[in-house]
Amino acid sequence: MEHRTASLVAQRLAALGYQVKTGVGKTGVVGLLRGSGASGSGPERTVLLRADMDALPIHEANSVSYRSTADGVMHACGHDAHVAIGLAVARRLAADRGSWRGAVKFAFQPAEEGGNGALAMIEDGVLEAPRVDAAFGLHVMNNLPLGQIAATAGAIMGSVDRFTITIRGKGGHAAMPHEAVDPILAASHVIAALQSMVSRAADPFDQLVVSVTQFRAGDAFNVIPETAELGGTVRSMGGRMHAEAPQRLTAIVSGVAGALGCAATVDYVRQTPATVNDAAMAQLTARIAAQLVGEAAVLTAARTLGGEDFSFFLQRVPGCFAWVGSQNPARGFDAPHHSPHFDIDEEAMRTGVELMDRLAREYLR
Ligand SMILES: [Zn+2]
Ligand SMILES: [Zn+2]
């Protein structure tokens, strides 16, 4: 599916006069264009604008003319809007390349949803040749009313870590627990104890979430199983608890499981770092957003512990990731992201195009 999207994007960019590279980070597409405007003062710069392209394995429940035609695959996060916004901005910048200078590089990115496509594109050189000086990205946001834009300095989205815990006891008869070692009881205590990371170990002014979301054990009502498996995620905005989370979690798991006679192993994976906006770039974004929606509708302190792999760009170059409100309950656009009913008010796309277009021009000036 992403192959078809990528080839459409590549064709469109090429037709607009962009220098196009495909297969960047598997199915990513990069489009480069240099402005031919009169050189001003200072060196010419390159700005990267990113649009993620991937869909989700969800069967769309909407019955609109533009509903997904691929069974079981749906743009339930709005990344199709990001692609449309990216292509519209690309067309505008190509139409009057004599009015700006420097270079604009579009990164149409695959696999944002848990696949770290941003990192794959970076490893394939998207930030080089020419070297990127700043990066901007946006997300249409159904938690935010249409007409609002969020451009928060510092961390705007959380880090994503994932863990799998295996607790090994000794299987036996449910009626004779003294002859077994119950991994389900141990796992239950582990789940409760893990919340002490949030309530007792973290600074109350820091952000931390520990969610155990999977618990697998047992096949029969009268059997104490041999093992129990837990899965979950740790979210933070970086800082001390982000650094210490793997060790603390592992210590709690082995301590609690050990006290109950079980052995435990922990597989802890750092998936995505926190999305941290550069202060100056966030200020620039907020200033341009205010031109579009008015100062009162620009949020500069909005944050969530949801994850976003644009963070990998922001670890390497200054930039800003903004949210563009797309919620409009009056027209029925208020289903949450990743819902089979997800749909946005497309006015948000107009705002997104203006924002990205002006950001690129302003940064390159
Ligand atoms: Zn999503
Ligand atoms: Zn998304």
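Attention here is on the structure that accompanies the text. (Residues numbered from 1 in each chain as written. Chains lettered and ligands numbered in written order. Predicted model: local features only at pLDDT ≥ 70, side-chain atom pairs only at ≥ 80, totals over all residues. Heavy atoms only, no water.)

### Brief notes about the sheet that holds strand E15 (residues 298–299)
The strands that make up a sheet pair up through hydrogen bonds in the backbone, lying either parallel or antiparallel. What counts, and what does not: Note on pairing: two strands pair once DSSP finds at least 2 bridges between them. The secondary structure listing takes helices from DSSP runs of H or I that are at least 4 residues long and strands from runs of E that are at least 2 residues long, numbered from the N terminus. Contacts are assigned to residue pairs that have any heavy atoms within 4.5 Å of one another. Where helices are involved, their axes are fitted lines through C-alpha atoms of the stretch in contact, as for all axes, and angles between N-to-C directions lie from 0 to 180°.
With mixed pairing, eight strands are arranged side by side in an open sheet as E1-E2-E4-E3-E5-E16-E6-E15. If you trace the sheet from one side to the other, it starts and ends with strand E1 (19–24) and E15, each paired once. Across eight bridges, strand E5 (residues 134–145) lies against strand E16 (residues 319–327) in parallel orientation. Along E16, the bridge assignment pairs Leu138 with Ala322. Docked against the sheet, helix H1 (residues 2–15) engages E1, strand E2 (28–34) and strand E4 (103–109), running at close to 10° with respect to E2.

### Focus on the coordination of the zinc ion (ligand 2)
Let me state the cut-off plainly: With water omitted from the atoms examined, metal sites may look incomplete; donors here are N, O and S atoms no farther than 2.8 Å from the metal, or 3.2 Å in the case of Na, K and Ca. Whether a residue is buried, partly exposed or exposed follows from its accessible area with a 1.4 Å probe, protein chains only, as a fraction of its type maximum: under 20%, in between, or over 50%, in that order.
Looking at the zinc ion (ligand 2), the protein donor atoms are Cys77 (SG), His79 (NE2) and His139 (NE2), and they sit 2.1 to 2.4 Å from it. The sequence pattern formed by the donor residues of the zinc ion (ligand 2) is C-x1-H-x59-H. Separating the zinc ion (ligand 2) from the zinc ion (ligand 1) is a distance of 3.1 Å, and Cys77 supplies a donor atom to each of them. One end of the pair, Cys77, is in the loop between strand E3 (46–52) and helix H2 (79–95); the other, His139, is in strand E5, and 62 residues separate them in sequence. By the burial criterion, Cys77 is buried, and His139 matches it.

### What to know about unusual backbone geometry
Glycine aside, a negative phi is what most residues show, and trans is what most peptide bonds show. Across the junction of Ala129 and Pro130, the peptide omega takes the value -5°, indicating a cis bond. In the Ramachandran plot, Ala111 falls in the positive-phi region, its phi being about 50° despite a non-glycine side chain. Structurally, Ala111 is set in the loop between E4 and helix H3 (117–123). The backbone phi angle of His338 is positive, close to 75°, even though this residue is not glycine.

### Structural notes on H1
So the rule is basically this: A helix's residues, less one, multiplied by 1.5 Å, set its expected span. This arc is built from the directions going out from the helix axis to the C-beta atoms.
If you check H1, its first and last C-alpha atoms are 20 Å apart, about what 14 residues at 1.5 Å a residue would give, namely 20 Å. Within H1, burial applies to Ala6, Val9, Ala10 and Leu13. Taken end-on, H1 shows its buried residues confined to a sector of 100°, consistent with a single buried face. Residues Arg4, Gln11 and Ala15 are exposed on H1 and point more than 90 degrees away from its buried face. For H1, the elements touching its buried residues are E1, E2, H2 and E4. Looking one or two residues beyond H1, the residue adopting positive phi is Gly17, at roughly 100°.

### What to know about the pattern of salt bridges
Any two side chains of opposite charge can pair, so long as their charged atoms come close to each other. Definition in use: We define a salt bridge as a contact between a side-chain nitrogen of Lys or Arg and a carboxyl oxygen of Asp or Glu at a distance within 4 Å.
According to the stated counting rule, one finds 18 salt bridges in the structure shown. One salt bridge connects Asp52 with Arg50, and the closest N-O pair in it is separated by 3.6 Å. With respect to burial, Asp52 and Arg50 carry one shared label: buried. For Asp357, the salt bridge goes to Arg92, with nearest N and O atoms at 2.9 Å. Pair noted here: Asp357 is in helix H9 (residues 347–364) and Arg92 is in helix H2, with a separation of 265 residues, a long-range link. Salt bridges here are not isolated pairs; linked through shared partners, they connect Arg92, Asp96, Glu354, Asp357, Arg358 and Arg361.

### Let's talk about the coordination of the zinc ion (ligand 1)
The expected angle between donors at a tetrahedral four-coordinate metal is 109.5 degrees. At an octahedral six-coordinate metal it is 90 or 180 degrees. Coordination of the zinc ion (ligand 1) by the protein involves Cys77 (SG), Glu113 (OE) and His338 (NE2), with metal-donor separations of 2.0 to 2.2 Å. Mapped onto the polypeptide sequence, the residues donating to the zinc ion (ligand 1) form the spacing pattern C-x35-E-x224-H. Its relative accessible area of 26% is what places Glu113 among the partly exposed residues.

### Regarding the pairing of strand E8 (residues 159–168)
Pairing between E8 and strand E12 (residues 227–236): ten bridges, direction antiparallel. Its bridge partner being in E12, Asp161 is matched across the sheet by Val234. Two elements, E8 and strand E13 (residues 263–272), share nine bridges in a ladder whose sense is antiparallel. The residue bridging Ile167 from the neighbouring strand is Ala264, located in E13.

### With respect to the pairing of E1
When E1 meets E2, the two strands line up antiparallel, connected through five bridges. Bridged to Val24 within E2 is Gly28. Hairpin remark: E1 followed by E2, antiparallel, with three residues in the connecting loop; positive phi at Gly25, about 65°.

### Here we look at the environment of Asp96
Which entries qualify depends on this criterion: Any pair of nitrogen or oxygen atoms within 3.5 Å is treated as a polar contact; in protein, a donor-acceptor pairing is required on top of that, and neighbouring residues in sequence qualify only through side-chain atoms on both sides.
If you trace the backbone, Asp96 turns up in the loop between H2 and E4. Along the backbone, Asp96 and Gly37 are 59 residues apart, and their C-alpha atoms lie at a distance of 9.0 Å. Within the structure, Asp96 has its side chain in polar contact with the side chain of Arg361 (distance 3.1 Å).

### What to know about the sheet that holds E12
An order of E10-E12-E8-E13 is seen for the four strands of this open sheet, with the pairing classed as antiparallel. The open sheet has two edge strands with one neighbour each: strand E10 (208–217) and E13. Each neighbouring strand pair of the sheet contributes to a mean axis angle of 15°, computed without reference to strand direction. Where E10 meets E12, nine bridges bridge the pair, whose relative direction is antiparallel. When the bridges of E12 are listed, Phe215 appears paired with Leu230. Sheet strands in contact with helix H4 (residues 183–194) are E8, E10 and E12, and its direction is about 170° off that of E10.

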